[in-house]
Amino acid sequence: MVVHENTSTTIEDVWVEKNKKALQFIEDATTNAGEIQKSLLSEILSRNAHVEYLRRHGLDVNGTHIDHRETTFKKVIPVITYEDLKPDIQRIANGDTSPILCSQPISEFYVSSGTSSGNPKLMLTTEEQAEQVWFFRSLVMPVMNQHIPGLDKGKAMYFTFTTSKCSKTPGGWIARPALASLFKSSQFKNLLSSGDPYYNYTSPIETILCEDNYQSMYSQLLCGLCQNDTVVRVGTVFCYSFILVIRFLEEHWTLLCNDIRTGTIDKRITDPLVRQGIIRAIALNPNPVLADFIEMQCSMDNSSSWKGIIPRLWPNTKCIETIVSGSMSKYIPALDYYSNGLPIVSASPNGVGDDRGEKRQQDTVVLADVKLGQEYELVVTTIAGLYRFRVGDVLRVTGFMNKAPQFNFVCRRGVVLSIDADKTDETELQNAIENAIIKHLLPLQASLEDYTSYADPSIIPGHYVLYWELHSFGNSQAVAPNGIPSSVFEDCCITIEECLSSVYRAFRVAGKISSLEIKVVKQGSFRKMMEHAKSQGASISQYKTPGCLKSIAMVDLMNSMVVTSYFSPKCPSFVSGHSVSSG
């Protein structure tokens, strides 16, 4: 046990006290949520009172009492989207240093993944906002420990990737994904060596910062396997990345076992810093006993060879820490399969906003006034120059802690399929697909590796297209479509259509929408989609398979990978005494 010089206080005592303070902060913040929100908004407006954007809209808060600033702010400042703000952001990116959106100097630009809209977005940030992110991340471990004790008694095999492109704007600002910025920061490096149990990772910093995806993933897995008995939690930021890790392990476990058995590093790991980091982290002594154990677990020749592979390889694992809300929830069955149902901790720290807009109306309501069970679209005002900004996330109020609401992420606004007057959102489509999988694919020991969708207008009338990559839980290999009767896929098509809205079904019956189509794609298709997004600047750590394709390049890519197609054999059921009209 380490003891600080000239004191009897241990590092463990320090972190116990830090946890207490974090939990007290959460208690105070949730008890006074409304007051804190009002005070923070007033501070933001006072600090940015003279920026061009606010003055352009006629906002003058000088001398305005704090109780009236919120009312004045909402009256004159519109609720906006990225497109409304894009000209101002572009001016800043081009080098204009005047206070256009924010009084503080910006530190860099964050680049969104572009998987929702099809086009990456630039969002400015400041040093203060980055510090806020680190602060909110520090609240996660104390909360987790309350529900799953002992997470501070071991290591996290937490896979982090910074392999995305870093570019510069015309004005010279660094532009990169937010996660890449955070993990390449000096704060992160300091946290890894601070003794903070939340950042007690099996992966050394060199493996995280490696910009070659293969070398980064291989080396992080090697370090995690060599420290398997110390691991108490595993995970990634988004669960899609964790599924990629498992697939990578399936493909490369023999190479990893060889390295562990011989105390060597595979020749494909050429980055000298990565090799140094591995040696520092695990010493790389030959360990044939561990290699034999891993080989036994990974080479089992039976129908459930990879079921529970996570607790089998890392026996002290207590939970999986990864985001599984919204569109990510489609990967939960795979996580449960590989983990034998270990608890999943889905945490996503966010900044603080000024209000949240209701999904179905333009009026906004403050945080403290949302209603249980209602869905709202997130609208934020930040210290870094966003004012009443529609984030695009739809949240559902699931409960309250003191006076602060608790939310579940539902979906991204605008991620819909539509041919005519029909509107199918991400959640509705996902539920329909899950229903088809449960009824028709799981009995055959098959499921989906991944899926996406597209509203195809190329034929008249248009129709919904689903791209499916198949996977078998039985043998950890991709399923060939010719191994499943075509009638099964046709049953999937009609089951999905039966689960969609009455508007969709009415238009199908009226012949205004053609039969739903499932296109089965080759193994690795969605990995190629991710690589395409990565080549456009997306970060693997924050990549999310788009629920609906917006980019023609993505559609062309998926169409080039199609093995075979299936259509609904009939119209879904619909009974109505009224004729259907598209208006």
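Residues numbered from 1 in each chain as written. Predicted model: local features only at pLDDT ≥ 70, side-chain atom pairs only at ≥ 80, totals over all residues. Heavy atoms only, no water.

Brief notes about the sheet that holds strand β8 (residues 344-345)
Remark on secondary structure: sheet strands pair via backbone hydrogen bonds, oriented parallel or antiparallel.
Thought 1: On the basis of which strands lie adjacent, the open sheet formed by four strands has the order β3-β6-β7-β8 and parallel pairing. Each edge of the sheet is formed by a strand with only one pairing partner; in this case those strands are β3 (155-158) and β8.
Thought 2: Where strand β7 (residues 319-323) and β8 come together, two bridges link them in parallel fashion. Looking at the pairing, Ile-320 lines up with Ile-344 of β8.
Thought 3: Against the sheet, helix α7 (residues 140-147) contacts β6 (231-238), β7 and β8, and its axis sits at roughly 140° relative to β7.
Thought 4: Lying on the sheet, helix α12 (residues 239-262) is in contact with β6 and β7; it crosses β6 at an angle near 120°. (Pairing = 2+ DSSP bridges. Helix = DSSP H or I, 4+ residues; strand = E, 2+ residues; numbered from the N terminus. Contact = heavy atoms within 4.5 Å. Axes fitted to C-alpha atoms, helices over the stretch in contact; angles between N-to-C directions.)

Let's talk about the environment of Ala-368
Thought 1: Within the secondary structure layout, Ala-368 lies in the loop between β10 (364-365) and β11 (375-380).
Thought 2: When the C-alpha atoms of Ala-368 and Ala-33 are compared, they prove to be 6.7 Å apart, with 335 residues separating the residues in sequence.
Thought 3: The residues touching Ala-368, leaving out its near neighbours within four places in the chain, are Gly-34, Gln-37 and Lys-403.

Here we look at the nonpolar core
Thought 1: Ranked by size, the top nonpolar core spans 124 residues in total, and within it Phe-109, Leu-249, Ile-278, Ile-310, Trp-314 and Tyr-467 carry the most contacts.
Thought 2: Among residues more than four places away in sequence, those in contact with Phe-109 are Ile-89, Ile-92, Ala-93, Leu-122, Met-123, Leu-124, Thr-169, Trp-173, Ile-174, Ala-175 and Arg-176.
Thought 3: Formed by 30 residues, the second largest nonpolar core is a distinct cluster that contains Tyr-464, Cys-493, Ile-513 and Ile-518. (Core = buried A, V, L, I, M, F, W, Y, C linked by side-chain atoms within 4.5 Å. Buried < 20%, exposed > 50% of the residue type's maximum accessible area, 1.4 Å probe, protein only.)

Brief notes about the pattern of salt bridges
Thought 1: Scanning the entire structure with this criterion turns up 20 salt bridges.
Thought 2: Glu-43 is the partner of Arg-47 in a salt bridge, and the nearest nitrogen-oxygen pair spans 2.7 Å. Of this pair, Arg-47 and Glu-43 both sit in helix α2 (residues 33-47), four residues apart, which is roughly one turn of the helix.
Thought 3: Under the relative-accessibility criterion, Arg-47 is labelled partly exposed at 29%.
Thought 4: What makes Glu-43 partly exposed here is its relative accessible area of 40%.
Thought 5: Between Lys-184 and Glu-211 there is a salt bridge, with its nearest N and O atoms 3.0 Å apart. Residue Lys-184 is found in the loop between α8 (178-183) and α9 (186-192), and its partner Glu-211 is found in the loop between α10 (205-209) and α11 (213-226); the two are separated by 27 residues along the sequence. (Salt bridge = Lys/Arg side-chain N within 4 Å of Asp/Glu carboxyl O.)

Here's the deal with the environment of Tyr-331
Thought 1: Tracing the backbone shows Tyr-331 in the loop between β7 and α16 (332-339).
Thought 2: Sequence separation of Tyr-331 and Tyr-240 is 91 residues, and the distance between their C-alpha atoms is 7.1 Å.

Brief notes about the sheet that holds strand β17 (residues 463-472)
Thought 1: If you trace the four strands from one edge of the open sheet to the other, you get β16-β17-β18-β19, paired in mixed fashion. The sheet is open, and its two borders are formed by β16 (446-456) and β19 (562-567), each paired with just one other strand. The mean inter-strand angle of the sheet, taken between neighbouring strand axes irrespective of direction, is 25°.
Thought 2: Across 10 bridges, the pairing between β16 and β17 is antiparallel. Within the sheet, the bridge partner assigned to Ser-453 lies in β17 and is Leu-466.

Focus on the packing of α12 against α16
Thought 1: With their axes 10 Å apart at the nearest point, α12 and α16 run at an angle of 45° to one another. In terms of axis orientation, α12 runs oblique to α16. Judged by the twist between their axes, the crossing of α12 over α16 is left-handed. Only Ala-334, Leu-335 and Tyr-338 of α16 make contact with α12, whose side of the interface consists of Cys-239, Phe-242, Ile-243, Ile-246, Arg-247 and Glu-250.
Thought 2: Here the residues of the contact of α12 with α16 are counted per class, giving seven nonpolar, no polar and two charged. (Parallel < 35°, antiparallel > 145°, perpendicular 65-115°, else oblique. Left-handed = near helix turned anticlockwise from the far one by under 90°. Nonpolar A, V, L, I, M, F, W, Y, C, P; charged D, E, K, R; others polar.)

Description of α16
Thought 1: Along α16, the residues that are buried comprise Ala-334, Leu-335, Tyr-337, Tyr-338 and Ser-339.
Thought 2: Against α12, α15 (309-313), β7, β8 and β17 lie the buried residues of α16.
Thought 3: Of the residues flanking the end of α16, it is Asn-340, one or two places downstream, whose phi is positive at about 60°.

Remember, this is a structural readout, not a statement about activity or role.
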